[in-house]
Amino acid sequence: MTQGSECSGPDCKQIISMPLLDNMEATLKADLDVRKLNKFLKSFIHQVVKKEVEFVMREDMRQIMNESVSTVESLFDDRTDEMKLDLDKKFDELIKEKEMQDEENKVALTAQLTSSPSSTGIMKFVIFSVSYNNLPAYKSTGKFICERSGLYLISASIVSNVNNANYYLYLNNTAVTNTFISYDSKNPYFTTHTGTIVLALQLH
């Protein structure tokens, strides 16, 4: 460091000249090597900028996330309400359709004798029916033909004054019931009793 000297050479870019005054008020010049200082300043500025950018990005991302969550929740609530309305509507339609099918699938037949039957054979009688198409065949043969699959409640009640009288209910030529109406070991000339059956069958 000398008074009035000038810096020369490639390292002068990393050197700062600073004027000084001594006790004699003589002008002096100090050349300071700031290469390490520049490096530290660059690192410090980089860290400050990085932190600021990260902070701004976090805030922006937080805002975006909050807005996204709110948007998704709103869309989800709207969609949930729509789905609930659709499900309620479809459920009501299914209930109505089921009720209509139940009405259409109801089958009923009530019958009674109009005259005394023969001692043996198939008993034929009909006075009322609902949703049954084979009524002429039933009147002719006394056989009920299942037109619609389902659970059927079958009941029969027969009065007889014949001792040891009984009757059968057949399903596809197989007896499923055998009901004795009356029996007296003394074999009286006249006796009157009633035999009744009630059963449920799954028919196809």
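First, a word on what this report is: a plain description of the structure on this page.

Thresholds, definitions, all that
Residues numbered from 1 in each chain as written. Predicted model: local features only at pLDDT ≥ 70, side-chain atom pairs only at ≥ 80, totals over all residues. Heavy atoms only, no water. Helix = DSSP H or I, 4+ residues; strand = E, 2+ residues; numbered from the N terminus. Buried < 20%, exposed > 50% of the residue type's maximum accessible area, 1.4 Å probe, protein only. Contact = heavy atoms within 4.5 Å. Salt bridge = Lys/Arg side-chain N within 4 Å of Asp/Glu carboxyl O. Pairing = 2+ DSSP bridges. Core = buried A, V, L, I, M, F, W, Y, C linked by side-chain atoms within 4.5 Å.

What follows covers the overall build of the chain. When its secondary structure is counted, the chain shows two helices and eight strands. Listing every helix and strand of the chain by position from the N terminus yields β-β-α-β-β-α-β-β-β-β. Across the 204 residues of the chain, 13% fall into the buried class. The long-range fraction of contacts in the chain, counting pairs at least 24 apart against all pairs at least 6 apart in sequence, stands at 40%.

Turning our attention to the side chain of T179. When you line up the elements, T179 lands in strand β7 (residues 174-180). Once you skip the residues sitting within four places of it in the chain, T179 turns out to touch A165, N166, Y167, G195, T196 and I197.

Another point: the pattern of salt bridges. Note on pairing: side chains with opposite charge can pair once their charged atoms come close. In total, this model carries one salt bridge according to the counting rule given. A salt bridge links K84 to D88, with the nearest nitrogen and oxygen atoms 3.2 Å apart. Of this pair, K84 and D88 both sit in helix α1 (residues 35-105), four residues apart, which is roughly one turn of the helix. Residue classification places K84 among the exposed residues on the basis of a relative accessible area of 53%. In this structure D88 comes out as partly exposed when scored by relative accessible area, which is 36%.

Right, let's get into the pairing of strand β6 (residues 166-171). As paired elements, β6 and β7 share six bridges and run antiparallel to each other. What sits directly across from Y167, in β7, is T179. What sits between β6 and β7 in their antiparallel hairpin is a turn of two residues, with N172 showing a positive phi close to 55°.

Ranked by size, the top nonpolar core spans nine residues in total: Y152, I158, A165, Y167, I181, I197, L199, L201 and L203. For this core, the secondary-structure elements that each account for two or more residues are β5 (150-160) and β8 (193-203). Ranked by the residues each element gives to this core, the list is headed by β8, at four residues. For L199, the contacting residues outside a window of four places in its chain are Y152, L153, I154, L169, V176 and T177.

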